[in-house]
Structures are given as C-alpha cells and as structure tokens.
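# Analysis of the macromolecular model
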Number of protein chains: 2
Amino acid sequence: MRRLNLKKGEIIQRPGDLNSKVYHVVRGLLRSYTIDAKGKEHIFMFGPEGWVVADNSPVEVPVDLFIDALEDTIVRVVEKDLAKETPNVAPLMRRISVLQKRVILLMSASAIERYEHFEQTYPDILQRVPQKMIASYLGMTPEALSKVKRNRLRKK
Amino acid sequence: MRRLNLKKGEIIQRPGDLNSKVYHVVRGLLRSYTIDAKGKEHIFMFGPEGWVVADNSPVEVPVDLFIDALEDTIVRVVEKDLAKETPNVAPLMRRISVLQKRVILLMSASAIERYEHFEQTYPDILQRVPQKMIASYLGMTPEALSKVKRNRLRKK
DNA sequence: ACTATACATTAACCTAGATTAAGAAATGTA
DNA sequence: TACATTTCTTAATCTAGGTTAATGTATAGT
C-alpha cells in the first residue's frame, strides 16, 4: 500500500490507462474529469481528504477519466483488484447514492438550483477551487454561473 | 428470499418508504423514477430481466424513488441488509461505472447524442417502452425527442 | 514591484430545447 | 365496431443558458 506525494497540478491518471488504482486522499484535493470531443473539460468529482477517488471500471478495461491534484496532495494508492478482495460495500453504496442524486439533479434542476445544492452539500470545496471548476462540475459555463449568482443577489 | 408477481402498473416502492428491498428482475420490466417539485416525472433507470433494481441508500434512510412495473413482472425480493452480507462487489462497481457514464453524458452531450447513445446501449428497451419514457430517461421532453428524430432523418 | 497568466464579470447576441396547444396515430376496452 | 385513452407529431412561441468578446481583478513567478 504505497503512499504518494503529489504536487498541485500533477496528473496521476489519464484516459486509456490500464490497471488504474484506487486513491485514498490523506490530505489535499484531487479531481477527476473528462475532456469531450469539442475539447471541453467536465469535472466528474472532487476528492478532498478522507475521500476515495477512482475510475470505477472493471480492472481490465481502460479508464476514461483524468485524475489530477488541485492542491499539494498525499494519497494512499491501492491496487484495484486488491480493493476487490477487501469488499467494503458501504462506501460503494454511498457513492451510488450520491451519483443517483446527481443524475436526478442534472435531469430536473435549473442552474441556480444545482448551484445552491452544491453550496449546501460541499461548502468546504466551494472555498477551495476556482469558480469555473464549480461551473464545470455543475454542467454549466463559468459565465452562466456568474449570471446565476448575480441574479440571486438582486432578488435578496 | 421471496418471489413476487407484479401486474403492469403496480407500484412496489414509494419515496419515503423505509426498509426498502432489493429487486432482482426475473422476467418483465421495472423502472425507478422521481417526481419533482413541478410534478414532472424523471425516470432514473429501467430494469429488464437479469437486472437488479434498488434505491441504493443506506438501509435506515427513506428512499426517494418510485419503483413500478412497466410490464407484468416477476421479481426476487432481497432484504437490503441481507444483500450487504453477501457482498457482491462486481455488480456495484458496474453500476457506478454506468452512472459515471450517464453523468458525463448529461453534462456534455446534446439531445441527439444522448438518444443515439441510448439506442446503441439499450436497443431492447427502446422497443419495449413508450417514447415519452425514453425522453424522460434522457432528460428531455417527448416533443424534443420527436424533433430530434425527425431532424436526424432529414439528414439521411 | 512588475509583468504575465489565470480567473471573474458583464453585455450583446444566438440557439437548443421547453412550453403550449392542436391534431393524428396507435392502443385498449366495451 | 365504436369509443376512449394514451401516445406521438407538428408548429408557434419563449427562455435558460451557451457563445463571443471585451474589461476588470486577482495570483504567481521573476
């Protein structure tokens, strides 16, 4: 069970990589993301201390996410097949539950609603990453997020 | 491990239900969905034979999805905490992987692209459910889906 | 402290998809 | 067969959010 010290900006996984690992964040902040056909970046998740970041695909298929460090970060690296032998079901169920909520939000909620949900759910991360990344995570442009926040202020 | 015979249209789980179960579809077709604040229905997943349908939340928290039968359906019902003791990690990972793809599609793909992805991934289900349900699953209105298909034909 | 680069905001304009409403097909049911 | 109900399509209109581009404001590196 290796440890790894990452400098801000370091990329530790790229789409296409085989035998990807599972990363337990000890300190710092990871993120996973894709880049689509038009070259646009879409953040899939943020991983602050205590979180587990991984591309949950079967061991043998290539991953489709980048993972990099948004701050200087320390991670514990676990081989994916090894992780399978210590089957900790609870965190997997939690992840599914979170993803379920995210899908439903993406399908049914407006930009403002999605932002306010994020605000309540991850107030910490809001402070730690640039707003354009929040926008990317929420599936909107930085300009749209800017507009949304301004309109909310006007109403109060 | 009970068995259950459902008639088309039967609802077996409602938002707020506690101690929800895990449903293994033996024959037929289930679906899970929410109804949002504006009364609009959003289909979260379809569960044809061989699939497992459940609201993957911790046992003790109330679920937030409806589950009903789109066809006459036979299911095997498993208690959730029991399912936890037979920790079958592989299907959970698969589900996460599918949800990951879905989130990324919702964030980055247009209506047409989402539809074509569905067509390729679940050609079977496309035949079995009304189009408005496909639209709901894809996060768009039936009208939008209709338009999308027409425009695609024009181009060919 | 100076410059460069990344980030945030604003505004004008545009477009995908929502909404509304009506009619046409299909499907179910007596 | 006829009638009702649900589903699908079309068209007109509207709007949230995307795009582009300019300006302002931090932040970082030397």
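The structure we're discussing is the one just above.
All names here are of chain B. Sheet architecture is open: four strands sit in the order β1-β8-β3-β6, paired in antiparallel fashion. The sheet is open, and its two borders are formed by β1 (2-6) and β6 (52-53), each paired with just one other strand. Judged from the five bridges that link them, β1 and strand β8 (residues 73-79) form a sheet pairing that is antiparallel. By the bridge assignment for β8, leucine 4 is matched with valine 75.

Below, the discussion takes up the sheet that holds strand β3 (residues 21-27) of chain A. Residues and elements named next belong to chain A. Taken in spatial order, the four strands line up as β1-β8-β3-β6 in an open sheet, and their pairing is antiparallel. Either end of the sheet is taken by a strand with one partner, and the two such strands are β1 (2-6) and β6 (52-53). Bridge count between β3 and strand β8 (residues 73-79): six bridges; the pairing is antiparallel. The residue bridging valine 25 from the neighbouring strand is valine 75, located in β8.

For the structure on display, the rule yields 12 salt bridges over all chains. Linking Glu41(B) and Arg31(B) is a salt bridge whose minimum nitrogen-to-oxygen distance equals 2.7 Å. Residue Glu41(B) is located in strand β5 (residues 41-48), and its partner Arg31(B) is located in strand β4 (residues 29-35); the two are separated by 10 residues in the primary sequence. Classification of Arg31(B) as buried rests on a relative accessible area of 6%. Taken together, the salt bridges that share partners define one network made up of Glu49(A), Glu71(A), Asp124(A) and Arg128(A).

All names here are of chain B. Counted according to the given criterion, the structure contains 12 aromatic pairs over all chains. Each ring, one from tyrosine 33 and one from phenylalanine 66, has its centre 4.9 Å from the other, and the planes form 10°; the classification is stacked. Linking tyrosine 33 in strand β4 with phenylalanine 66 in strand β7 (residues 66-69), this pair joins segments that are 33 residues apart in sequence. The two residues tyrosine 33 and phenylalanine 66 agree in class, both being buried. Aromatic side chains phenylalanine 118 and tyrosine 122 sit 5.2 Å apart centroid to centroid with 55° between the ring planes, which places their arrangement in the tilted category.

Conventions and cut-offs
Residues numbered from 1 in each chain as written. Chains lettered and ligands numbered in written order. Predicted model: local features only at pLDDT ≥ 70, side-chain atom pairs only at ≥ 80, totals over all residues. Heavy atoms only, no water. Pairing = 2+ DSSP bridges. Helix = DSSP H or I, 4+ residues; strand = E, 2+ residues; numbered from the N terminus. Salt bridge = Lys/Arg side-chain N within 4 Å of Asp/Glu carboxyl O. Buried < 20%, exposed > 50% of the residue type's maximum accessible area, 1.4 Å probe, protein only. Phe/Tyr/Trp six-rings, centres within 6.5 Å; stacked < 30°, edge-to-face > 60°.

Function cannot be inferred from these measures alone, as they are strictly geometric.
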